[in-house]
Amino acid sequence: MPRLRWLTLLTGDPETLDARITEGLGLSRCSFEAELEGFGVSSAIYPLGTDRFLEVCVPVRSGTSAARRLERAGEGLYMVILQVGDLDGQRERLAEHGIRVVAEFDRPQTRGRWASLHLHPADTGAALLSLDVSDPPEDFTVVEGPWWEHVRTDVVTDLLGLEIAAPGGRWAAATGAGLDGDTLRLEDATITFRDGSTAVLLAGPEDRDLRLGGVEFRVRRNTVAS
């Protein structure tokens, strides 16, 4: 069953957002790239909980899909990455449901291997949905360097789920996960499909609500993924 492993925010004001992530969520940036090759965005990555990730992307070239998205819709959730066991079965299911793959990667990394399928946003709605494989699976090898040294859990201990305005049936078809009413049940999190603002659901030692990069972040005490 897929794991919810990564969320990406798109913004035009990275300095302010970095400060708010650091102060409001207590996170520590583990990686920064001035430009991701082929995407025209910069990338800052923060461990979220013990083994998930929050990324902040900023368009650095005009005319890219990220730049057009920011101009059209403003800052907000840009990408959701689900970790899966393999990609061969994913390709077959995607083809059966007419869900297009817009980019595919398979690369050796310093600590192993990483592979990914980026799905066409027009076929899934809302954020760009990516299905990723990491070898070894307990690591997330696309993040170079010792990211675990930047894990901070004083404010956020885990990523529990996501609320997003997207077609749940298409996400269920894309991921193979079960849809229970309006909620997609993953191995370690839930994604609930409803109208309104996008919200990230987190666990932590005390309740806290913030709005970061156009997205609501809700930290709740003594909560586990359902």
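Above this text is the structure in question.
Below is a short write-up of the structure.

Thresholds applied
- Residues numbered from 1 in each chain as written.
- Predicted model: local features only at pLDDT ≥ 70, side-chain atom pairs only at ≥ 80, totals over all residues.
- Heavy atoms only, no water.
- Pairing = 2+ DSSP bridges.
- Helix = DSSP H or I, 4+ residues; strand = E, 2+ residues; numbered from the N terminus.
- Axes fitted to C-alpha atoms, helices over the stretch in contact; angles between N-to-C directions.
- Contact = heavy atoms within 4.5 Å.
- Buried < 20%, exposed > 50% of the residue type's maximum accessible area, 1.4 Å probe, protein only.
- Salt bridge = Lys/Arg side-chain N within 4 Å of Asp/Glu carboxyl O.
- Phe/Tyr/Trp six-rings, centres within 6.5 Å; stacked < 30°, edge-to-face > 60°.

Before going further, it helps to examine the sheet that holds strand 6 (residues 101-109). Pairing in this open sheet of 8 strands is mixed, and the strands run 2-3-4-1-5-8-7-6 from one edge to the other. With partners counted over all chains shown, the strands left at the sheet margins are strand 2 (31-33) and strand 6, one partner each. Between one strand axis and the next, the sheet turns by 20° as a mean value, whatever way the strands run. Sheet topology note: the strand 3 (residues 41-48)/strand 4 (residues 52-59) ladder contains 8 bridges and is antiparallel. Counted as the bridge partner of Ser-43 is Cys-57 from strand 4. Each of strand 1 (3-10), strand 3 and strand 4 touches helix 1 (residues 14-24); the most contacted strand, strand 4, lies at about 165° to it. Seen against the sheet, helix 2 (residues 65-73) touches strand 1, strand 3, strand 4 and strand 5 (76-83) and runs at an angle of roughly 130° to strand 5.

Judged by how many residues are buried, strand 8 (residues 128-135) sits mostly within the fold: 7 of 8 residues are covered. As judged from the 5 bridges shared by strand 5 and strand 8, these two strands associate in the parallel manner. Bridge assignment links Gln-83 to a residue of strand 8, and that residue is Asp-132. The sheet contact formed by strand 7 (residues 112-119) and strand 8 spans 6 bridges and is antiparallel. Across the sheet, residue His-118 finds its bridge partner in strand 8, namely Ser-130.

Bringing the pattern of salt bridges into the picture now. Using the criterion set out here, one finds 18 salt bridges in the structure. Among the salt bridges present, the one from Arg-185 reaches Asp-180, with a minimum N-O distance of 3.1 Å. Overall, the relative accessible area of 44% leaves Asp-180 in the partly exposed class. Through salt bridges that share partners, Arg-3, Asp-51, Arg-52, Asp-158 and Asp-188 make up one connected network.

On to the packing of aromatic side chains, then. Within the structure shown, the criterion is met by 8 aromatic pairs. Ring centres of Trp-6 and Phe-140 lie 5.8 Å apart, and the angle between their planes is 45°; this geometry places the pair in the tilted category. Taken together, the residues Trp-6 in strand 1 and Phe-140 in the loop between strand 8 and strand 9 (158-164) connect sequence positions 134 residues apart. By relative accessible area, which is 4% here, Trp-6 ends up buried. Centroid distance Trp-171 to Phe-193: 5.7 Å. Interplanar angle 65°. Geometry classified as edge-to-face.

The subject of this paragraph is unusual backbone geometry. Following Asp-135, the chain continues into Pro-136 via a peptide bond in cis, with omega recorded as 10°. Position of Pro-136 among the secondary structure elements: in the loop between strand 8 and strand 9. We note that Ala-126 has phi near 60°; this positive angle belongs to a residue other than glycine. Here Ala-126 lies in the loop between helix 4 (121-124) and strand 8. What makes Ala-126 partly exposed here is its relative accessible area of 32%.

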